[in-house]
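# Analysis of the macromolecular model
Here is how the chains run, residue by residue.
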Amino acid sequence: MATVQGGGDSKLFARGKVAELRLELNSGSKKDKNFTTKKIALKKIVANMTMSNNDMVALFPDIIGCMAIQSLEIKKMCFLFLVNYARMRPEIAVKAIPVLEHDMEDPNPLVRALALRTMSYIHVREFVEATVPIVKLILRDSDPYVRKTAAFCVAKLYDHDRHMVEASDLIDKLNNLLRDDNPTVVASALASLMDIWERSDAIKLTIDYSNASKMVSILPDCSEWGQTYILEALMSYVPQESGEALLLAERIAPRLSHSNSAVVLTCIRVVLYLMNYISDQKQISALCRKLSPPLVTLLAKGPEVQYLALRNALLILQRRPEVLRNDIRVFFCKYNDPIYVKVTKLELIFMLANEKNIDEVLTELREYATEIDVHFVRKAVRAIGKLAIKIEPAARQCISLLLELVSTKVTYIVQEATVVIRNIFRKYPNQYESIIGTLCEHLDSLDEAEAKAAMVWVIGQYASRIENSDALLEDFLYSFAEEPVEVQLALLTATVKLFIQRPTKGQELVPKVLKWATEETDNPDLRDRAYMYWRLLSTDMEAAKRIVMGEKPAITAESERLDAVTLEEMCLNVGTLATVYLKPVQTVFRNARPRRLQDSPALQRQEEPAPSSVPGDAQKSLSQFGMGGQPADFNPRTDTRGATQGGNLAQAVNDADEYFSSQMRGMRIQEQGDSFGGNGNEGSGYVVNQYAPQTVYQPAQGVANNNDLLL
């Protein structure tokens, strides 16, 4: 609890009794011209309000009696009481309306503004109705401070009753206030109009070039928050010519050097917005160079402002890569940076890394990978692996650094390195397999699901090159039942890959793993994949090899990029909380108005990536996927349209079922009499029990088979 010098005010924060406070409030001799006793009593009441002592509401009549005293200090405390308790006792609160209306005519502008602000804060019907005609008069008040207060009151009234405000001419009068001589009044009117526009579907905010030009001209005369309001309002201006957008961007550019972070970020947002309407690429590049210094300057402020600037930099770089292109060193981490700042800087370092600065970046990342913070070290190791994927000429250099880090035998470093090396193998097949031996030396360090799954993938993918691949897999399989599903799926696939590449080595492991995966697990993904492999292996080994060992699609390091629509919307919200999450605005603020670039002759649309040109596949409907391109109603067991070399497709499917059944019997997996896909009796149904292997239930004799599986 804060105390003033001498600790005088701390005595006020004691739970007071209503009777004693009423007595103090109504006492005081005629000699007390400064109302000292009343002020002390009111301070005690306000202190009790702060402590949520709702007994104070009983003093309402006494407080209203004090409101007429011509003392600004007393009025402030009385009005605070009124705002706090008016909704609890509206029948008493309405008695204060005449006092407030009288104060609206006070010669002191501070009293007029205070009375108006108090009336507009109270969400009681009588107060709202009484405020509307008063605001109409005070919008034309002679004092700019009172006019500024009245402008904000219109937005407050709109929050209370939008229909009443829309039915009146308050919004028109607010529009007229935009022509006021005082810059602060204009900025306040704009802020109020923007707030109303955000919450209204019926009101459209349009600003033409002459209005926008006037707004920019008064920027230097406004306070920092007034400048923020004006810059925010400029987002509603839609340039009709490229020259207009360029001139406006140049005129607001000096705001980029403002000391207030809100002004700087809002100005960056407006400049980014106007760039969409500028056709000259040289001018856009010049503006991008102007955006870099203010972002860098924000990094000299506190960690919270730094974090906001860094998150916005991540966004801006995706839209305008020219910004910050040559400023990678400013994002190198300092020893005293908070972890959330360090991790965000790491993302920016990755985005700005290229062939020219990769040596400098890897030297920095090597330092990060030896820090104490485990989370940050993991991120640094992962960044090294992603750089190997992003910058192909530096891949060998990145891998050498990863192996150097693995040699430290620090558990979490080895695990992260294993995960990223798996991705490097996928990006560059048959190029860096010589390092597999080094990975296999550190199998005992792997105790996390992702790292285990990555190592199992490597063993399965390169089983033909790893001499003891079967023994390595068998070591992992000892704990198959206890492993997470992610690892179980990897082990299942790796075992099948081992069997395909080295049948003699995998012939004992495959039946065992398939039995575990189909009979001793309840996970549907694992069971389905095991059944698929089972059917595939027993039907056509060549097809199994093509499918399981087929060429994998290339991976990239750009998966974190936002899609074009979301990126466009996010750039129109630079500096807001939504950019911290890097999610669409309505995901963060449910009632926020979505923003889009408005059509205009000057709008420069960025080219969308060309659609896939693969013939046929791009034209498939959803119903055809998974059916080999056949129509959705095509049944391979009964239809004879798809002829094959050995006869029609239906016959081929039936032959595959028969061959599969015989192979399963040969593999001695169904020793308990369980069968898969039916037992040869046509028309039989089955029910899957989640706690047992697939079991076939025959329909009861004499009961019609109506294809209902819930027998």
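This structure is a prediction, so every number in the text was calculated from the model and none was measured.

If you tally the helices and strands in the protein, you get 35 helices and four strands. In the protein, buried positions account for 48% of the 711 residues. Element-wise, carbon and sulfur atoms account for 51% of the exposed surface of the protein, whose accessible area totals about 36,500 Å².

This part is about helix α14 (residues 224-233). Think of an α-helix as turning once every 3.6 residues; residues three or four places apart then point the same way. Within α14, seven of the 10 residues are buried, which leaves the element mostly enclosed by the surrounding structure. For α14, the set of buried residues is G226, Q227, T228, I230, L231, E232 and A233. Its buried side turned inward, α14 meets α12 (183-199), α13 (209-217), α15 (242-252) and α16 (261-275).

On to empty space enclosed by the protein. The tally for this structure, following the rule as stated, stands at two cavities of 30 Å³ or more. In this structure, the second largest cavity occupies an estimated 50 Å³ of space. As for the second largest cavity, its lining consists of L272, Y273, N276, R319, R320, E568, C571, L572 and L597. Those elements that provide at least two residues to the lining of the second largest cavity are α16 and α32 (564-571). Residue composition of the lining of the second largest cavity, by class: five nonpolar, one polar and three charged.

Taken as a whole, this structure holds 12 aromatic pairs when the rule is applied. Both rings, one in Y307 and one in Y340, keep their centres 5.3 Å apart while their planes meet at 90°; by these two values the pair is edge-to-face. Separated by 33 residues along the polypeptide, Y307 in helix α18 (residues 303-319) and Y340 in helix α19 (residues 339-352) bring together distant segments of the chain. Take Y307: its relative accessible area is 22%, and that puts it in the partly exposed class. With a relative accessible area of 34%, Y340 lands in the partly exposed category. Judged by centre distance (5.9 Å) and plane angle (5°), the rings of Y531 and W534 are stacked.

For the structure shown, the criterion picks out 29 salt bridges. A salt bridge links E73 to K39, with the nearest nitrogen and oxygen atoms 3.3 Å apart. On the criterion of sequence distance, the pair formed by E73 in helix α4 (residues 72-85) and K39 in helix α2 (residues 36-50) is long-range, its members being 34 residues apart. Residue D141 pairs with R112 through a salt bridge whose shortest N-O separation is 2.9 Å.

Quick notes on the rules
Residues numbered from 1 in each chain as written. Predicted model: local features only at pLDDT ≥ 70, side-chain atom pairs only at ≥ 80, totals over all residues. Heavy atoms only, no water. Helix = DSSP H or I, 4+ residues; strand = E, 2+ residues; numbered from the N terminus. Buried < 20%, exposed > 50% of the residue type's maximum accessible area, 1.4 Å probe, protein only. Areas by Shrake-Rupley, 256 points an atom, 1.4 Å probe, with all protein chains shown as cover. Contact = heavy atoms within 4.5 Å. 1 Å grid on protein atoms, 1.4 Å probe; cavity = no way out; pocket = protein on both sides within 12 Å on 5 of 7 lines; lining within 4 Å. Points joined across faces, edges and corners; volume = space filled by probe spheres on them. Nonpolar A, V, L, I, M, F, W, Y, C, P; charged D, E, K, R; others polar. Phe/Tyr/Trp six-rings, centres within 6.5 Å; stacked < 30°, edge-to-face > 60°. Salt bridge = Lys/Arg side-chain N within 4 Å of Asp/Glu carboxyl O.

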